Amino acid sequence: MVYILSKLLYVFILPLTWVFCLLLYALFAKNRGRKRKGLIFAIVMFWFFGNRFTVSLMASIWDIEPNQASAQQYSAAILLGGFVSEGKNGEGHFNAAAGRYSTAVKLLEQGTAKHLLFSGGNADINPDGFTEAGFVAQQMKKTGIADSLVLLDSKARNTMENAAFSKALLKKAGLKPPYLLVTSAYHMRRAMLIYKKAGLVVVPYPCDYITGYDSIMPTDLVPNADAFGKWNTYIKEMLGYIVALFN
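Residues numbered from 1 in each chain as written. Predicted model: local features only at pLDDT ≥ 70, side-chain atom pairs only at ≥ 80, totals over all residues. Heavy atoms only, no water.

Draft legend 1. A look at the packing of helix α8 (residues 185-197) against helix α9 (residues 225-245). At a minimum axis distance of 9 Å, the contact between α8 and α9 shows a crossing angle of 15 degrees. Comparing their axes, α9 and α8 come out roughly parallel. For the element pair α8 and α9, the recorded crossing hand is left-handed. Residues Y186, H187, R189, R190, L193, I194 and K197 of α8 lie in contact with α9, whose contacting residues are T233, Y234, E237, G240, Y241, A244 and L245. (Axes fitted to C-alpha atoms, helices over the stretch in contact; angles between N-to-C directions. Helix = DSSP H or I, 4+ residues; strand = E, 2+ residues; numbered from the N terminus. Parallel < 35°, antiparallel > 145°, perpendicular 65-115°, else oblique. Left-handed = near helix turned anticlockwise from the far one by under 90°. Contact = heavy atoms within 4.5 Å.)

Shown next as structure tokens:
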């Protein structure tokens, strides 16, 4: 029930939801001063969360920096799901976060990790028989990766379950820490916290950097839909981090 509730309430933390509510408030408020304040707050929020500059600045603060290559070999690289989407025909396909998969496979092929553990089931509120793990297993067979090198968890629906099920699989396989943790840079901070709280010693190996800030251009201050989407991601991660911190 908590899992379903969290999915349903997600829409209420999105910036555009608040902008819309403020506009409705300004529209129906009878007091002229309140109308003006509602409209001003809506415009400010629309600009703040809708431009590339602010979200890039957020990324530079929040994202975990790239892992510095070393000669150390790890018993396993833990790859977190979220890079596979289910199509209308029930077949899976890589989405925008596919960099997670290619990064983890590269670590395995280079010998940096001896095994690859993938954790990901079906995060839909009303799941069918499709799982990310099933899709990943097919892709690894196509790549020619031996089954003996792969551990699969097809039940996890969120990061907390990723950690719990990963821990059980690693213990069963007798693989010793530390482990490489592979996920998107924006998700790594929350994932590291959750895995450490689960008692797993992990080394971050972030990838899939969705944005960055190098220099400011006038166009960066103009609202665009892409910035809203990225802010949605970071807000979700920050709130998830706070929940994990006190869980």
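We are not done yet, so read on.
Draft legend 2. Layout of unusual backbone geometry. With an omega dihedral of 0 degrees, the bond running from P177 to P178 counts as a cis peptide bond. As for its placement among the helices and strands, P178 is situated in the loop between α7 (159-173) and β6 (179-184). For D208, which is not a glycine, the phi torsion comes out positive at approximately 55 degrees. Positionally, D208 belongs in the loop between β7 (202-207) and α9.

Draft legend 3. Broad picture of the environment of T103. Position of T103 relative to the elements: it lies in helix α5 (residues 99-110). Those residues in contact with T103 that lie beyond four places of it in its chain are V182, Y205 and C207. Among the polar contacts listed, one links the side chain of T103 to the backbone oxygen of G99, at a separation of 2.7 Å. (Polar contact = N/O pair within 3.5 Å; in protein donor to acceptor, adjacent residues only side chain to side chain.)

Draft legend 4. Here's a closer look at the pairing of β7. Direction of pairing for β6 relative to β7: parallel, over a ladder of six bridges. Bridging from a neighbouring strand, V182 pairs with Y205 of β7. In this fold, β6 hands off to α8, which returns the chain to β7; that crossover is right-handed. (Pairing = 2+ DSSP bridges. Right-handed = clockwise from strand over helix to strand, strands pointing away.)

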